[in-house]
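Fold and contact review
The residues making up each chain are set out below.
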Amino acid sequence: MEWANQLCENRQFGSKMTDSKYFTTTKKGEIFELKAELNSDKKEKKKEAVKKVIASMTVGKDVSALFPDVVNCMQTDNLELKKLVYLYLMNYAKSQPDMAIMAVNTFVKDCEDPNPLIRALAVRTMGCIRVDKITEYLCEPLRKCLKDEDPYVRKTAAVCVAKLHDINAQLVEDQGFLDTLKDLISDSNPMVVANAVAALSEIAESHPNSNLLDLNPQSINKLLTALNECTEWGQIFILDCLANYAPRDDRESQSICERVTPRLSHANSAVVLSAVKVLMKFMEMLPKDLDYYGTLLKKLAPPLVTLLSAEPELQYVALRNINLIVQKRPEILKHEMKVFFVKYNDPIYVKLEKLDIMIRLASQANIAQVLAELKEYATEVDVDFVRKAVRAIGRCAIKVEQSAERCVSTLLDLIQTKVNYVVQEAIVVIKDIFRKYPNKYESVIATLCENLDSLDEPEARAAMIWIVGEYAERIDNADELLESFLEGFHDESTQVQLQLLTAIVKLFLKKPTETQELVQQVLSLATQDSDNPDLRDRGYIYWRLLSTDPVAAKEVVLAEKPLISEETDLIEPTLLEELICHIGTLASVYHKPPSAFVEGSRGVMHKRLPARTGSGESTESPDVGTIAGGSGTETAPSIIPSQGDLLGDLLNLDLAPPTTTGPPPPTSGMQMGGMDLLGGGLDSLLGGDIGGSAAMGAGFGAVPAVMPASLNAPMGGGLGDLFDLGGGVGMPLGAYIPPKTVWLPAMKAKGLEISGTFARRAGVIQMELTLTNKAMSVMTDFAIQFNRNSFGLAPAGPLQVLSPLSPNQTIEVSLPLSTVGPVMKMEPLNNLQVAVKNNIDVFYFSCQYPISMLFVEDGKMERQVFLATWKDIPNENESQFQIKDCHLNSDAASNKLQASNIFTIAKRTVEGQDMLYMSIKLSNGIWVLAELRVQTGNPNYTISVKCRAPEVSQCVFQCCEAVLKN
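From a predicted model like this one, the values you see are computed outputs, not experimental measurements.

Ordered by their spatial adjacency, five strands build an open sheet running E3-E4-E5-E8-E7, and the pairing between neighbours is antiparallel. Two strands lie at the open edges of the sheet, namely strand E3 (741-744) and strand E7 (794-795), each paired on one side alone.

Moving on: the pattern of salt bridges. One pass over the full model with this rule turns up 31 salt bridges. With a shortest N-O distance of 2.9 Å, Arg143 and Glu140 are connected by a salt bridge. Of the two residues, Arg143 and Glu140 both sit in helix H10 (residues 139-146), three residues apart, roughly one turn of that helix. A relative accessible area of 23% places Arg143 in the partly exposed class. Between Asp240 and Lys277 there is a salt bridge, and its shortest N-O distance comes to 3.0 Å. Of the two residues, Asp240 sits in helix H16 (residues 232-243) while Lys277 sits in helix H18 (residues 269-283), which places them 37 residues apart along the sequence. The partly exposed category is assigned to Asp240, whose relative accessible area is 27%. With relative accessibility at 5%, the residue Lys277 sits in the buried group.

What follows deals with the side chain of Thr515. Assignment of secondary structure puts Thr515 in the loop between helix H29 (494-510) and helix H30 (516-527). When its relative accessible area of 1% is taken as the criterion, Thr515 is described as buried. Sequence-distant contacts of Thr515, that is, excluding residues within four places in its chain, are made with Asp479, Leu507 and Phe508.

Further remarks concern the nonpolar core. Counting residues in hydrophobic clusters, the biggest one holds 212 residues, and the most contacted among them are Tyr88, Phe107, Val260, Leu374 and Phe434. Sequence-distant contacts of Tyr88, defined by excluding residues within four places in its chain, comprise Val53, Ile54, Met57, Val63, Ser64, Leu66, Phe67 and Val70.

On to the sheet that holds strand E6 (residues 783-786). The three strands are arranged E6-E9-E10 in an open sheet whose pairing can be described as antiparallel. Because the sheet does not close on itself, it has two edges, and the strands there are E6 and strand E10 (842-848). This sheet shows a mean twist of 25 degrees between the axes of neighbouring strands, independent of strand direction.

This paragraph deals with the side chain of Glu492. In this structure, Glu492 sits in the loop between helix H28 (478-486) and H29. Side chain to side chain, Glu492 and Arg461 meet in a polar contact 2.5 Å long.

The predicted model of the protein averages 78 in pLDDT, with 82% of residues at 70 or higher. Under a pLDDT of 50 for its full length, residues 614-732 has, in the predicted model, 191 contacts with residues more than four places off or in other chains.

Cut-offs and rules
Residues numbered from 1 in each chain as written. Predicted model: local features only at pLDDT ≥ 70, side-chain atom pairs only at ≥ 80, totals over all residues. Heavy atoms only, no water. Pairing = 2+ DSSP bridges. Helix = DSSP H or I, 4+ residues; strand = E, 2+ residues; numbered from the N terminus. Salt bridge = Lys/Arg side-chain N within 4 Å of Asp/Glu carboxyl O. Buried < 20%, exposed > 50% of the residue type's maximum accessible area, 1.4 Å probe, protein only. Contact = heavy atoms within 4.5 Å. Core = buried A, V, L, I, M, F, W, Y, C linked by side-chain atoms within 4.5 Å. Axes fitted to C-alpha atoms, helices over the stretch in contact; angles between N-to-C directions. Polar contact = N/O pair within 3.5 Å; in protein donor to acceptor, adjacent residues only side chain to side chain. pLDDT = per-residue confidence, 0-100.

Okay, here's the thing in C-alpha cells:
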C-alpha cells in the first residue's frame, strides 16, 4: 500500500528510538483524548496526536471518526506533520468522500508551495485518493505540476497521470494529460523521462489498441540517452519500452544493441534481464554472418552466469529465464556447462532447474562431463532429485546418439545398486532408449527381468510390461512373467492394465500356440470384468481384430514403432517467441503467456519476435512455414509420423498440429472397398488428361450409336439442340452452407460444447467451429486431429484459438482443411472422426460433412466427353432418386446447383419436361455425372446419378437435395 510505503519513509523524521511507544497504548476513551490533542494550540502536541492516530490506523484500529480533526492539521508548514496527515487522508478518503473534499483547497495551495518536496507530496497524494468527486478539482494543480520547473515534481506528476487514468480515463484524455506525458519523454531530466515512459506503458497496457507510445528513431534516441543516467528502476522502465519497438532494419537493431549492451554489467539483476530481453529480441533482425552477431552472443553469457551466484530465489528466476534463452539460442551458453552443475547446498527447486538446463546444453563435446555428474547425482539422498537425474541420463542417451552406449552402461550400474526408486526410474528410461535405438541394446533385457519383483510404481511396471511384450520372442519365459502380473490385474492402475492387455496380445501374435489361454483370460478380464471404458474398448477392439482377421491384427499390433523425439518437453515455438518477449517478468517464471494468468484486459496483447532481415533467411517462426501443401523448399522431418492404421489412430492419437506439406499420397493407396476409385476410370478413358479440353473429346471417334436411356428421346436439331445451353443458365448464387449443429455436447466433454458446419470458399474447404466453455475453469492449449477418412480430409494448420476460453465464453473458429491426408473408407462415406484436445482432456466425436465441400471448381466436362463417359460407365452403376417438394424451375435449379460446383453441361425440353445434364468433379479426381428431370407444375424431381464409384452416388443425391431445398 502506498501509505504504508510512505510511513516507512517518514521514519527519517523524529527519533527512531521513541516511535515504538505509539504502538503500545491500549487505553479506553482514546479517540476522545486524541480529538482533544488534535485541536490543541501547541504544534508539538498536535504532531504527537497525529503520530498516535497513524499508529492506531497501522495496527488496524478504526480512527475514521477523527477525519475532520486530522484534516484541520493540514494547514501547517511542518513537512513531517503534513506527510502524516496526507497518509491518513489516503487511507480514509474513500470511506469519507464528502469530508475529503475539505482537503482540496489545501492540495491546490500546496501545489504552489515554494518547497518542491511539498509540491511533489501534494500531487503524489492527489493521485492516491481514488475518489471521483475530488479528481476533477485536481486537474489544474496536476497540469501545473507537469510543467513545474523542478524535475522531482515533474517525475512525481508523471506517475500521478497514470493513477488518475486508472480512476477516470476519459477525464485524463479530455484534459490533454496524455499529450503532456508524451512531451515529457523529451525532458532534459532522465528520471522524468523514465517515469513518463513507465506511466505511458502502464496506460498502454490497459488500452492495448491505443498507440500511446509512438516510438520512432528520434524518441528511441532520447530514451537511450536517458538510459545511462537514470536510476536502476528507471532503466528497467526504459528497457521494457525499448523491447516493444520494431527497428526499421538490421543497422538500427545493431545500433540499439550496442547502446544497451553496457546494461548487462549492472548490479541489479532486473536491469540485466531487461537488457537481455531487448538484445534477444533485436538479435532476430541481425544477419547471422555479421561479426557483431557473434560478439553479442559472447557478451550475453557472462551476465547470465553471474546471476547464478545470487541468492537461491534469484537463481531460480534466472534459471527459468535461462531455460527459455537456451531453447531459443543454445549457442549462447554452450561453453558454460559447469556453472549448471549442482551444488550440495542448492535448494531442490534450483537443483531441478539446473538439471533441466544441463540436458538442453548436452552435446557430443561435453557429454562425458555431464554423464559423470549425473551418475554422481543418482547417489544423492534427495529422492526427487535422484529420480530426475536418472531420467536425465536417459534423455542424454536419446539426445546424443554417440553417448547412448555409455548411458546404458551407467543405467545398468545404477540398477545393480538395487535401490528401489533408482531401479524403477532406470527401467522407465531404458524403455525409451529401446524405442530410439531398436535392435541395439536388447541384450540388457535379462538384467531388467531380474528386478521384476521390486517394481511397485505404475509407470515402472507399465514400462517393464511393454519391454516384455515388445521383445517376447527374445524372452523364454515371457508368458510366465506376464502371467505373474495378471494375477492381481484388478488391483493394478489403468496404465498397467492397458499395457498388460497390449503386451499379452503381442505375445499371442508371436507365440499363438502357447498363449491362447492367457490371451483369452486377459480379454475376458478387460471386457467383462472391468468398469474402465478405455480398457473395455481396447479389449473389444483386440478381440474383434483377432477373431475376424488375425493377419490384420498382426499388422496393427506389431506394426513398426516410430522413433521417439529427442526433446519431448520443448516449449512450442510460437509460445517460446512470446515468452522471450516477456523475459524478466512472471510469464518467464511460469512459462505461460500473461493472458493465461492475468485477469481482465491487461497483459492480453500477444508479443512476437521481429522478422529477421538482412541475410535473406526466413524467420524461425513456424507460422511462416508452408501450410496446406504449400511449396516450401524444405519441411522438417516428422519424428513421429502419423499412424498407419485406423486402430493406431484411435488408440494412439498424436495431437500435434498436422503437417500437410509435401505431395499428396499416390492414388494407388486410395482404396475404397477394395476398388480403386480412379482405377481405369476417367484418366484411362480420357488419355490421362482430366482437364476437360476439346482435345479430350477428339480421342473418342464418332459419338456412340447407342445413347444412354435418358438421352434416347427425339432430339430435334441433333447435338446442337441437345447441348443448347442458351436456355437461361444464369449467374451462380452463393454456395449452400448447412446450418451449424452440435457435434460434441458439453456433458460429454467436461463442459466444452462444439457446434459446427463445413463451407467451401474460394476453393478452400473450411470447418466452421463454435466453441463454448460451459465449465467453471478456463480452457487453453486447443489442438485438433482427424482420423483417416474416405477423402483424406486433414487440418491444413493448427486450430487457432489465440486467447484462453473463459467460463461461459463462446468463440468462432475457422479451420482450413486439405485433402491430402491418409485415406480409408468410412461408413457412412462422409463420416469424419475428430479428436479435440485442450488443457483438460482429449475429446472424440464424429460428424458428417456434406460431400459438396469436395466438389471442385473445374468440374465442368466437355460435352463430347460427357456423352462418351456416360456410355462408358456400366448401367449397373446408375442410381435413381426422387427429390420431393421442390418448387424451382429448371433455370433456378441449375443456378443453385452451379453455385455448389454442380455444373450444367446441357439442357433440353421434351414434352414439357426439362432435362439438365450435369457433371461434378471431386477433390480426389472422381467424376460424377447426373441427369435431373424437372416437370413443369410437378414439385417432385427425378435425378439419375452415374459414377465409377457407385458408393458416392447416395451422398451426391443427398447433397443435391440439400442444395435445392435450402
